[in-house]
Amino acid sequence: MNGTVYDVVILGAGPAGLTAGLYAGRARLRTLIIEQEKDGGQIVQTAEIENYPGSLEEESGPTLIDRMSKQAARFGAEKVLDKVESLELDGALKTIRCRKESYQAKTVIIATGASPQLIGCPGEKEFTGKGVSYCATCDGAFFEELEVYVVGGGDAAVEEAMYLTRFARKVTVIHRRNELRAAKSIQEKAFKNPKMAFLWDSVVKELKGDGLLESMVVENVKTGERTEIHADEEDGTFGVFVFIGFRPNSEVFAGQLEMERGYIRTDDDMRTSVPGVYAAGDIRVKSLRQVVTAAADGAIAAVQAGKYIEEQE
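Described below are features of the structure shown in this document. The structure displayed is predicted, hence computed values, not measured ones. (Residues numbered from 1 in each chain as written. Predicted model: local features only at pLDDT ≥ 70, side-chain atom pairs only at ≥ 80, totals over all residues. Heavy atoms only, no water.)

Per the counting criterion, the structure on display carries 6 aromatic pairs. Ring centres of Tyr 149 and Phe 238 lie 5.5 Å apart, and the angle between their planes is 75°; this geometry places the pair in the edge-to-face category. Here Tyr 149, found in strand β9 (residues 147–151), pairs with Phe 238, found in the loop between β14 (226–230) and β15 (239–242); they are 89 residues apart in sequence, far enough to count as distant. In terms of burial, Tyr 149 and Phe 238 fall into one category: buried. Ring plane angle 65° and centroid distance 5.0 Å describe the contact between Phe 191 and Phe 198, whose orientation is recorded as edge-to-face. (Phe/Tyr/Trp six-rings, centres within 6.5 Å; stacked < 30°, edge-to-face > 60°. Helix = DSSP H or I, 4+ residues; strand = E, 2+ residues; numbered from the N terminus. Buried < 20%, exposed > 50% of the residue type's maximum accessible area, 1.4 Å probe, protein only.)

Turning to the nonpolar core, a few remarks are in order. Ranked by internal contacts, the top residues of the largest apolar core, which has 30 residues, are Val 8, Tyr 52, Met 68, Ile 109 and Tyr 278. When residues of this core are traced back to their parent elements, those giving at least two are β1 (5–11), α1 (15–26), α2 (61–74) and α6 (291–312). No other element matches the 8 residues that α6 contributes to this core. Among residues more than four places away in sequence, those in contact with Ile 109 are Val 8, Val 9, Ile 10, Leu 11, Ala 20, Tyr 278, Ala 280, Ala 301, Ala 302 and Ala 305. Counting residues in each nonpolar core, the second largest holds 21 residues, with Leu 11, Leu 89, Ile 96 and Phe 253 among its members. (Core = buried A, V, L, I, M, F, W, Y, C linked by side-chain atoms within 4.5 Å. Contact = heavy atoms within 4.5 Å.)

Together, Arg 176, Arg 177, Arg 181 and Lys 205 make up a region of like positive charge exposed at the surface. Along the chain, the position of Lys 205 falls in strand β12 (residues 202–210). (Patch = residues over 30% accessible without salt bridge, like charges linked within 9 Å, V, L, I, M, F, W, Y side chains within 5 Å. Areas by Shrake-Rupley, 256 points an atom, 1.4 Å probe, with all protein chains shown as cover. Salt bridge = Lys/Arg side-chain N within 4 Å of Asp/Glu carboxyl O. Lys, Arg positive; Asp, Glu negative; His and termini not counted. Charge placed at Lys NZ, Arg CZ, Asp CG, Glu CD.)

If you trace the 3 strands from one edge of the open sheet to the other, you get β12-β13-β14, paired in antiparallel fashion. What marks the edges here is a single partner per strand, and that holds for β12 and β14. The average undirected angle you get between the axes of adjacent strands in this sheet is 25°. Sheet topology note: the β12/strand β13 (residues 212–220) ladder contains 8 bridges and is antiparallel. Residue Gly 209 lies in a different strand from β13, and its bridge partner there is Leu 213. (Pairing = 2+ DSSP bridges. Axes fitted to C-alpha atoms, helices over the stretch in contact; angles between N-to-C directions.)

The next subject is α2. Between its first and last C-alpha, α2 extends 20 Å over 14 residues, near the 20 Å set by a 1.5 Å rise per residue. Looking at the buried positions of α2, the neighbouring elements they touch are α1, β3 (78–81) and α6. Downstream of α2 by a residue or two, Gly 76 has a phi angle that is positive, lying close to 100°. (Expected span 1.5 Å × (residues − 1).)

The next subject is the environment of Glu 48. Examined against the element boundaries, Glu 48 turns out to sit in the loop between β2 (31–35) and α2. Between the alpha carbons of Glu 48 and Gly 306 there is a distance of 34 Å; along the sequence they are 258 residues apart. In this structure, Glu 48 is in contact with Glu 59, Ser 60, Asp 139 and Phe 142, ignoring residues within four places of it in sequence.

Relative to the helices and strands, Asp 282 resides in the loop between β19 (277–279) and α6. For the buried Asp 282, no salt bridge exists, and the shortest N-O distance to an oppositely charged side chain is 4.6 Å, to Arg 289. For Asp 282, the residues in contact, after removing those within four places along its chain, are Gln 42, Gly 113, Ala 114, Tyr 263, Arg 289 and Gln 290.

This part is about the pattern of salt bridges. Inspection of the entire model under this criterion finds 21 salt bridges. Arg 169 is the partner of Asp 235 in a salt bridge, and the nearest nitrogen-oxygen pair spans 2.6 Å. Linking Asp 235 in the loop between β14 and β15 with Arg 169 in the loop between α4 (155–164) and β10 (170–174), this pair joins segments that are 66 residues apart in sequence. Arg 247 is the salt-bridge partner of Glu 251, the closest N and O atoms lying 3.3 Å from each other. On the basis of relative accessible area, Glu 251 is assigned to the exposed category, the value being 52%. What emerges from the salt-bridge pattern is a single network uniting Glu 147, Arg 169, Asp 232 and Asp 235.

These results come straight from atomic positions and should not be treated as a statement about function.
Here it is as structure tokens:
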């Protein structure tokens, strides 16, 4: 057991966690950020960022996160790389047991995020940020007048596909069934959209290219026939947006906090169902998951954690 009792332990070093670390550190709270792998979460896969206020002209996920990390450290937030294995969140002192060490804190801010469900085909990881995306709001504008394919058939997939028609000259929805799972009202709008097309009974089996995504292999699930779709010669590339669901990184909190489909429920002040425990960013139930909303959540959570500590003393 680490002998230090922290004021705040933050789980996750994405935009929400790093912002919480910055605010907690500036408030002179003894702060520790525990990150499992590397700073940034999903945003480090984004090659260009245009919709975060104040971002640089050639901002990328890694450059933005690097500045956030340095800023949090500058104000005193400590950081360790470790994997959380279990927690005891009830009581005045919270215990966080990790693989390498255990920690105690007066408050905990959970900012472990959510992970997109992957297609799981060859080439997907290699072309993430180079043609493959999981966020239409983040990356849609980069496919102005290009062709785009959307993988999925639920509400989110069809709504994001319609959003992408603002930028792409054509958007084709690839769905493994012969009808969409999206709500009928959403389907009606999609079928009326002249920019949209549909590739039924199909799954993506491979993504190919040289530096950028240039082609993909699609298989018909009924016939087994495979077809390779190539980018238009003048374009040189196309987009594949994957919307087959997200998985909140919340397994370790199961049974201790109120959740909704795996996402942690909070109030407007990021308070969870357990006193002294807050959630921020993509891990919580919310309507918009973006860097800007994650940062706002982190700031609120840190301020509220500070107020909670004052009230307990």
